[in-house]
Number of protein chains: 2
Amino acid sequence: MSFSVSVRAGIVVTGTEVLTGRVQDRNGPWLADQLLELGVELRHITLCGDRPADIEAQLRFLADEGVDLIITSGGLGPTADDMTVEVVARFCERELVLDDALEVKIGDIVTGLMTRFPGVDLDAVRAANRKQALVPAGAVVLDPVGTAPGVVVPGSPTVVVLPGPPRELQPMWDAAVTTDAVQAAIADRTPFEQQTVRMFGLPESGLADTLRAAESSVDGFEHLEITTCLRRGELEIVTRYEPRYAGVYTDLMTALRDRHPREIFSEDGALVDDQIAGLLEGRRIATAESCTGGLLAARLTERPGSSAYVVGGVVTYSDAAKVELLGVDPALIAQHGAVSEPVADAMARGALDRFGSDTAVAITGIAGPGGGTATKPVGTVCFSVALAEGAESSTVTRTMTMPGNRSDVRERSTTIAMHLLRRILVGGG
Amino acid sequence: MSFSVSVRAGIVVTGTEVLTGRVQDRNGPWLADQLLELGVELRHITLCGDRPADIEAQLRFLADEGVDLIITSGGLGPTADDMTVEVVARFCERELVLDDALEVKIGDIVTGLMTRFPGVDLDAVRAANRKQALVPAGAVVLDPVGTAPGVVVPGSPTVVVLPGPPRELQPMWDAAVTTDAVQAAIADRTPFEQQTVRMFGLPESGLADTLRAAESSVDGFEHLEITTCLRRGELEIVTRYEPRYAGVYTDLMTALRDRHPREIFSEDGALVDDQIAGLLEGRRIATAESCTGGLLAARLTERPGSSAYVVGGVVTYSDAAKVELLGVDPALIAQHGAVSEPVADAMARGALDRFGSDTAVAITGIAGPGGGTATKPVGTVCFSVALAEGAESSTVTRTMTMPGNRSDVRERSTTIAMHLLRRILVGGG
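Residues numbered from 1 in each chain as written. Chains lettered and ligands numbered in written order. Predicted model: local features only at pLDDT ≥ 70, side-chain atom pairs only at ≥ 80, totals over all residues. Heavy atoms only, no water.

Chain A is annotated in an unreviewed UniProt entry as CinA-like protein of Mycolicibacterium hippocampi. Check the Sequence similarities (unreviewed entry) section of the UniProt entry for chain A; it says "Belongs to the CinA family." (UniProt positions renumbered as here; feature names shortened; annotations may be inferred.)

Below, the structure written as structure tokens:
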């Protein structure tokens with residue numbers, strides 16, 4: 001690959017709860033994405049606890065590695081163990097000075113919060129928060145979203161100091177980017193286009209083959225930075241390129257469409273969930289689940305506004321529940337077993353009928369670890385999608401065997417059901 | 001706090017997909033936990049892409065910081081961009097040597113995998129995998145769980161090189177810990193006890209108050225390292241201490257139980273899900289969900305063996321579904337609204353009846369963002385738990401208003417339902 005990204009960044013995530021894994025860091029990945037979009041190359045993310053010496057060592061490491069921009073998250077609170085600003089000031093060789101206007105601003109915020117807690121010693125609280133109004137001399141202050149202000153310290157590298165809570169960090173990063181100091185630090189960046197394609201029903205090795213072939217057939221392939229990722233049974237292909245290589249990307253897409261016309265379901269990054277939400281407009285869907293235990297219903301109702309098209313669903317774990325709630329013929333279960341295509345079809349038709357819906361999806365399978373047999377091993381799952389158009393109704397049925405543990409089988413089955421439903425609703429069978 | 005932890009470690013996580021946030025790193029937090037349990041102090045976690053120079057810089061940084069142990073994850077595959085072993089060998093100043101026995105072992109594994117893909121050029125595959133049999137001279141080889149072997153390179157610091165996929169890394173870390181090299185590196189560690197307590201129904205500030213009080217009332221409190229974390233509406237309190245301070249922990253627990261007898265639901269780290277699974281033994285449960293859309297049913301069926309006590313559930317998103325599938329009186333909905341305690345009770349009784357179960361949980365609420373009113377704002381959720389003992393049946397009903405977005409309300413409601421169910425089943429109402 002030939003890239004000319006010339007602005008480099010590093011991220012320092014502080015906080016003992018993050019270092020020890022008790023709280024998952026969400027700021028590193030989020031900032032990584034923001035930097036990518038800006039055309040800034042992220043080289044290192046480092047995590048440490050609340051020890052000043054460790055924070056300073058990480059700042060020094062990143063500076064020694066030659067990054068142009070360092071972003072820190074965390075350690076801006078009013079308590080004694082929140083020391084990031086002090087450490088950054090020392091690292092940047094700047095004194096800490098009290099910003100009077102900022103002190104008033106923080107005081108107002110804190111007083112507002114404190115009226116909810118009568119009896120709190122307001123003077124003690126204000127003293128603690130005065131600490132938050134100390135900023136490195138010459139730094140640009142970022143107004144607090146919570147109570148903690150951030151700062152941008154211009155220099156080589158320029159350091160952006162942000163609070164730990166993502167809901168505070170994110171808007172404050174947006175503000176930081178508009179400052180002259182950050183704009184100067186990233187002036188030489190290379191803008192990139194980024195495109196996301198999603199595929200389903202293709203193994204990762206199949207995509208690797210296609211990309212290898214594209215390497216020789218697509219002229220200028222080396223100007224595309226392609227990363228692929230297998231997630232929940234879907235392949236995500238993210239491609240980044242400088243705007244002048246847009247034509248190369250067009251050629252890559254032609255090659256991909258050529259080889260995988262059926263597997264590509266999204267060329268604009270939209271999730272299958274987005275697509276299903278659109279396809280269900282004006283319809284009424286009901287679900288009938290066994291092994292997925294409600295995961296499909298939960299996924300369909302995740303979106304705001306889903307009550308417009310989701311009528312409901314049934315989880316029928318026992319055979320009796322399949323008979324009682326979905327009207328499945330007990331003889332069918334006796335003859336074919338609860339995990340069988342005829343039972344899946346009967347469940348889907350039962351859901352249409354009981355909920356008065358025009359679309360139904362049924363899933364019955366063996367999620368394990370127990371319950372498998374020689375002919376129906378753990379991971380065997382039957383799917384049925386039923387559509388009713390007036391008096392007409394049709395069902396499409398599939399049986400799949402998938403690897404993995406109980407949780408994998410349940411998650412994967414939910415995704416397969418979403419894709420089966422999608423294909424049927426777009427008319428691709 | 002007074003701690004005498006004297007063995008320090010650092011973790012280097014490699015992989016462009018992890019650095020860019022496309023794949024969430026699960027190895028850093030998992031290894032952090034393992035190190036804590038061993039009594040080894042984790043000082044830094046660093047993430048970088050697949051560039052050898054960046055990996056080497058991070059190794060150097062950690063060594064300069066004086067860690068005794070470095071653990072790396074990722075970059076052990078057969079392809080050209082997997083270079084961790086080579087970089088570590090250079091960093092440790094050891095030559096790469098071909099391990100013949102290892103080459104045979106990898107060859108056998110790969111040949112086994114390849115029989116599934118006829119037509120693959122086996123010689124090319126074997127050549128690629130020979131690369132994986134190159135190890136630093138004098139290193140201890142960790143047998144592959146997938147196809148990639150790990151290595152332990154003794155020294156100052158000792159470096160443990162592990163593969164990226166968690167299902168491979170985890171057993172290989174367990175093997176690494178038993179090696180003489182790692183045992184020597186961590187010989188001076190301080191063993192710790194670790195205890196986890198879980199509470200529900202207490203705000204974080206209430207716990208902070210209690211801990212502040214305990215600081216003066218519990219003798220030796222400073223020898224306990226306490227971290228608290230709010231997660232899914234529950235408080236998790238993890239306490240670590242040297243074995244000789246076990247008595248201090250006992251005193252802390254007495255203080256906690258004193259102030260929060262009702263809120264502590266677990267003193268052994270067990271999750272409410274574990275407890276519910278035990279309490280449902282010999283019972284038959286059914287669910288009736290509206291706003292949670294199947295999340296409660298999915299959570300109850302997450303565990304292997306849950307089919308012994310989960311009969312099934314209904315998701316009734318529309319009023320008509322509540323009437324048709326659960327037998328809720330339409331007049332009740334007209335009079336009180338779908339989100340009301342009478343309707344929640346009727347849903348729970350309907351679930352008992354339709355599924356022939358002896359235990360039922362119903363949830364009906366407004367997850368938002370739309371649908372809120374002045375008297376029933378977004379976040380209003382009604383819960384009902386119904387028990388049938390022979391001909392007797394009883395219901396317990398609660399209404400809660402919770403903050404947060406749609407996803408928060410759905411998740412939180414599921415947790416509240418679990419705790420309500422738990423309290424009723426243990427007889428605490």
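Still to come is the rest of the account.
Trainee: Help me understand unusual backbone geometry in this model?
Mentor: Phi is mostly negative for residues that are not glycine, and the peptide bonds are mostly trans. Residues and elements named next belong to chain A. A cis amide bond links Ser156 with the next residue in sequence, Pro157, at an omega value of 0°. Positive phi is not limited to glycine here, since Glu93 has a value of about 55°. Summarising the element assignment, Glu93 is placed in the loop between α4 (84-91) and β4 (96-98). (Helix = DSSP H or I, 4+ residues; strand = E, 2+ residues; numbered from the N terminus.)

Trainee: It is not clear to me how the packing of aromatic side chains should be interpreted in this structure. Could you clarify?
Mentor: Here a ring pair, both rings aromatic, is described through the centre-centre distance and the interplanar angle of the planes. All names here are of chain A. Following the criterion strictly, the structure yields three aromatic pairs over all chains and no others. A ring pair is formed by Tyr241 and Tyr249, whose centres lie 5.2 Å apart and whose planes are at 25°; its orientation type is stacked. Tyr249 shares its class with Tyr241; the two are buried. Between Arg240 and the ring centre of Phe192, over which it is positioned, the NZ or CZ distance is 4.2 Å. (Phe/Tyr/Trp six-rings, centres within 6.5 Å; stacked < 30°, edge-to-face > 60°. Buried < 20%, exposed > 50% of the residue type's maximum accessible area, 1.4 Å probe, protein only. Lys NZ or Arg CZ within 6 Å of the ring centre and 35° of its normal.)

Trainee: Even after reading the chapter, I still don't get the nonpolar core, so can you show me in this structure?
Mentor: Within soluble globular proteins, side chains that are nonpolar tend to cluster in buried spots. Judged by nonpolar contacts, the single largest core of 59 residues is most densely connected at Val160 and Trp173 of chain A together with Val160 and Trp173 of chain B. Beyond its immediate stretch of four places on either side in the chain, Trp173 of chain B contacts Trp30, Leu31, Gln34, Leu35, Leu38, Leu69, Ile71, Val160 and Leu162 of chain B. With 56 residues, the next largest nonpolar core counts Leu59, Leu102 and Val159 of chain A together with Val153 of chain B among its residues. (Core = buried A, V, L, I, M, F, W, Y, C linked by side-chain atoms within 4.5 Å. Contact = heavy atoms within 4.5 Å.)

Trainee: Honestly, the sheet that holds strand β11 (residues 234-241) of chain A in this entry has me stumped. Any pointers?
Mentor: What links the strands of a sheet is backbone hydrogen bonding, and the strands pair in either a parallel or an antiparallel sense. Residue and element names in this part refer to chain A. Strands sit in the order β10-β11-β9-β12 across an open sheet of four strands; the sheet is antiparallel. Edge positions in the sheet fall to β10 (225-231) and β12 (264-266), since each of these pairs with one other strand and no more. Averaged over all pairs of adjacent strands, the angle between strand axes in this sheet comes to 30°, irrespective of strand direction. For strand β9 (residues 193-200) and β12, the ladder comprises two bridges, and the chain directions are antiparallel. The partner of Arg198 across the bridge, within β12, is Ser266. Lying on the sheet, helix α9 (residues 204-217) is in contact with β9, β10 and β11; it crosses β10 at an angle near 165°. The sheet contacts of helix α10 (residues 246-259) involve β9, β10, β11 and β12, and relative to β11 the element is tilted by about 160°. (Pairing = 2+ DSSP bridges. Axes fitted to C-alpha atoms, helices over the stretch in contact; angles between N-to-C directions.)

Trainee: In this structure, what is going on with the side chain of Lys322 of chain B? I would like to understand it.
Mentor: Residues and elements named next belong to chain B. Locating Lys322 in the fold gives a position in helix α13 (residues 319-326). It turns out Lys322 is buried and unbridged, and the closest side chain with the opposite charge, Asp319, is 4.1 Å from it. Discounting residues that sit within four places of it in the chain, Lys322 has contacts with Ser290, Thr316, Tyr317, Gly327, Val328, Ile333, Ala338, Val343, Met347 and Thr364. (Lys, Arg positive; Asp, Glu negative; His and termini not counted. Salt bridge = Lys/Arg side-chain N within 4 Å of Asp/Glu carboxyl O.)

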